[in-house]
Structure formats: C-alpha cells, structure tokens
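As a plain string of letters, each chain reads:
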Amino acid sequence: MKGIVFTEFLELVEDKFGLEMADTIIQESNLESGGIYTAIGTYDFSEMLNLLTSLSKHTDLSIDNLLLVYAEHFFGVIKKSYPGFLEQYDDPIEMLSSIENHIHVEVRKIYPDAELPTFTTVEKTENTLVMIYRSSRAMYSFGRGLMNKTFEYFNAKATILVEKLKEDGTEVKFSITRDE
C-alpha cells in the first residue's frame, strides 16, 4: 500500500483525535515500519489494518465508519494535490464510471506499483450507476466515502446502496442513483 495512504491517515488521526491518539495507535500496532512512512514508500496493508483496528478500539467507531471518514479527508488531498483528476469531469456519474479506465490509469502513472481495487461498470445511465468493487483489502467503505465526496464536489446528491457480494467485503456492488 502506498505511503501517502498512511501519511494522510495519520494526519487525519492527529486532526480528529489528537497527536496523543496517533502516538497511541502507532505504539499499540506493533508496526514493522515503526509507524514511520513516506508518501512515496510502499508498506504492507496489515499495518493499515492494525492502525485502523487500534483506532476503532479507542474511538468505538467501526472500521467501516473510520474508512468512510478517512475517504472524505483523502478526497480533499486529491482535490488539492491532483485537481486535474476532478477538473476533467462535469458530472459525478461520468467521473465515477471512469475510475477503472481513466483515473486508475493516471494513478498508476504516478504510483506504478500501486495495488488498486477494480471497479467494473455493470450499468450506467444519466442518473444511475452500478459498479462492482473488487479488492482483497475490502476497503469498500473508503470507496463509498470517495463517492460521497465526488457528488458533493459536483454540488449533487445521490443515494449509494452497498451490497456485499462476498461476506468478507472483497466484492461489493455499489448501486448509485442521483437524487433529483
């Protein structure tokens, strides 16, 4: 997993829960990296899972809810650092439907060894989008948070239904309907 995901996660923890909490979860998580990350480095996903688990324990927030909050923070990072990703689109459904064939292609140019989830578009209309998310990391709540912020960015609203196709969350169906 790319280091930027870790550095931004720890920044979010500091902002929302304080520096002491960030130090606590790093100490408790027994991390191979020692909790020292660079944005361009690559780290084992188990470290993120350990950090999330520890933070969940201390905050009584589920890992899914923490990933949702984190995704909303991370969208701000994308908006600030990579505005070109967003400026190419006029519509949230167009943007979301291009994740696999455009956005992830661009991400791989910046981070060639990034291990990204896949998003397969099953159905798309002007106001609806059905996609299948697949990832061994089961971070679909992170994806949902990015989707929420995408609609917010375009001053639009949507209903996003999540259906686990595999109980462990490694395969999920997102059914998105633009609210009129």
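I will try to describe carefully the structure that is included in this document.

Analysis parameters
- Residues numbered from 1 in each chain as written.
- Predicted model: local features only at pLDDT ≥ 70, side-chain atom pairs only at ≥ 80, totals over all residues.
- Heavy atoms only, no water.
- Core = buried A, V, L, I, M, F, W, Y, C linked by side-chain atoms within 4.5 Å.
- Buried < 20%, exposed > 50% of the residue type's maximum accessible area, 1.4 Å probe, protein only.
- Helix = DSSP H or I, 4+ residues; strand = E, 2+ residues; numbered from the N terminus.
- Contact = heavy atoms within 4.5 Å.
- Expected span 1.5 Å × (residues − 1).
- 1 Å grid on protein atoms, 1.4 Å probe; cavity = no way out; pocket = protein on both sides within 12 Å on 5 of 7 lines; lining within 4 Å.
- Points joined across faces, edges and corners; volume = space filled by probe spheres on them.
- Nonpolar A, V, L, I, M, F, W, Y, C, P; charged D, E, K, R; others polar.
- Axes fitted to C-alpha atoms, helices over the stretch in contact; angles between N-to-C directions.
- Parallel < 35°, antiparallel > 145°, perpendicular 65-115°, else oblique.
- Phe/Tyr/Trp six-rings, centres within 6.5 Å; stacked < 30°, edge-to-face > 60°.
- Pairing = 2+ DSSP bridges.
- Salt bridge = Lys/Arg side-chain N within 4 Å of Asp/Glu carboxyl O.

## What to know about the nonpolar core
In globular proteins that are soluble, nonpolar side chains generally tend to be buried together. With 54 residues, the main nonpolar core has Phe-9, Ile-25, Met-48, Leu-51, Met-147, Phe-174 and Ile-176 as its most contacted residues. Considering every element that reaches this core, the biggest residue donor is helix 4 (residues 63-81), with 8 residues. If we skip the residues at most four places from it in the chain, Phe-174 touches Phe-119, Leu-129, Val-130, Met-131, Tyr-133, Tyr-140, Arg-144, Met-147, Ile-160, Leu-161 and Val-162.

## Digging into helix 4
Taking 1.5 Å of rise per residue, the 19 residues of helix 4 would be expected to cover 27 Å, and the 26 Å separating its terminal C-alpha atoms lies within 8% of that figure. Those residues of helix 4 that sit buried are Leu-66, Leu-67, Tyr-70, Ala-71, His-73, Phe-74, Phe-75, Val-77 and Ile-78. The inward-facing, buried residues of helix 4 abut helix 1 (3-17), helix 3 (45-59), helix 5 (83-87) and helix 8 (140-153).

## Re empty space enclosed by the protein
Here the structure, examined in full by the defined rule, presents 1 cavity of 30 Å³ or more. What the largest cavity holds in volume is close to 810 Å³. Lining the largest cavity are 33 residues; nearest its centre among them are Phe-74, His-104, Leu-116, Phe-142 and Leu-146. For the lining of the largest cavity, the elements supplying multiple residues, two or more each, are helix 1, helix 4, helix 5, helix 6 (92-97), helix 7 (99-110) and helix 8. Residue composition of the lining of the largest cavity, grouped by class: 26 nonpolar, 4 polar and 3 charged.

## Examining the packing of helix 1 against helix 3
Look at helix 1 against helix 3: their axes get within 11 Å of each other, and the N-to-C directions meet at 10 degrees. When the axes of helix 1 and helix 3 are compared, the pair comes out roughly parallel. Here Val-5, Phe-6, Phe-9, Val-13 and Phe-17 of helix 1 come into contact with helix 3, specifically with Glu-47, Met-48, Leu-51, Leu-52, Leu-55 and Thr-59. A per-class count over the contact of helix 1 with helix 3 returns 9 nonpolar, 1 polar and 1 charged.

## Quick notes on the packing of aromatic side chains
Aromatic ring pairs are defined here through the distance separating the ring centres and the angle between the ring planes. Going through the model one piece at a time under the given rule, you end up with 12 aromatic pairs. Where Tyr-153 meets Phe-154, the ring centres are 5.0 Å apart and the plane angle is 90 degrees; that geometry is what we call edge-to-face. Taking relative accessible area as the criterion, Tyr-153 reaches 29% and is therefore assigned partly exposed. One aromatic cluster in this structure is built from Phe-9, Tyr-70, Phe-74 and Phe-142.

## As for the sheet that holds strand 2 (residues 128-134)
Across the sheet, which stays open at both edges, the 4 strands sit in the order 1-2-4-3 with antiparallel pairing between neighbours. A strand with exactly one partner marks an edge of an open sheet, and here the two such strands are strand 1 (118-124) and strand 3 (157-164). Recorded for the sheet is a direction-independent mean angle of 20 degrees between the axes of neighbouring strands. Sheet analysis places strand 3 next to strand 4 (residues 171-179), joined by 8 bridges and oriented antiparallel. Following the sheet pairing, Ala-158 is matched in strand 4 by Arg-178. Against the sheet, helix 8 engages strand 1, strand 2, strand 3 and strand 4, with an angle of about 165 degrees to strand 3.

## Observations concerning the pattern of salt bridges
Once their charged atoms are close, side chains differing in charge can pair, the charge on each being opposite to the other. Per the stated rule, a full pass over the model turns up 7 salt bridges. Ionic pairing is found between Glu-28 and Lys-57, a salt bridge with its closest N-O pair at 3.3 Å. Here Lys-57 lies in helix 3 and Glu-28 lies in helix 2 (residues 19-28), a separation of 29 residues in the sequence. Residue Glu-28 is classed as partly exposed on the basis of its relative accessible area, which comes to 38%. Note that Glu-171 and Arg-134 form a salt bridge whose closest N and O atoms lie 3.7 Å from each other. Note that Glu-171 is positioned in strand 4 and Arg-134 in strand 2, a separation of 37 residues in sequence. Residue classification places Arg-134 among the partly exposed positions, given a relative accessible area of 35%. Three or more residues joined by partner-sharing salt bridges are found here, namely Arg-134, Lys-166 and Glu-171.

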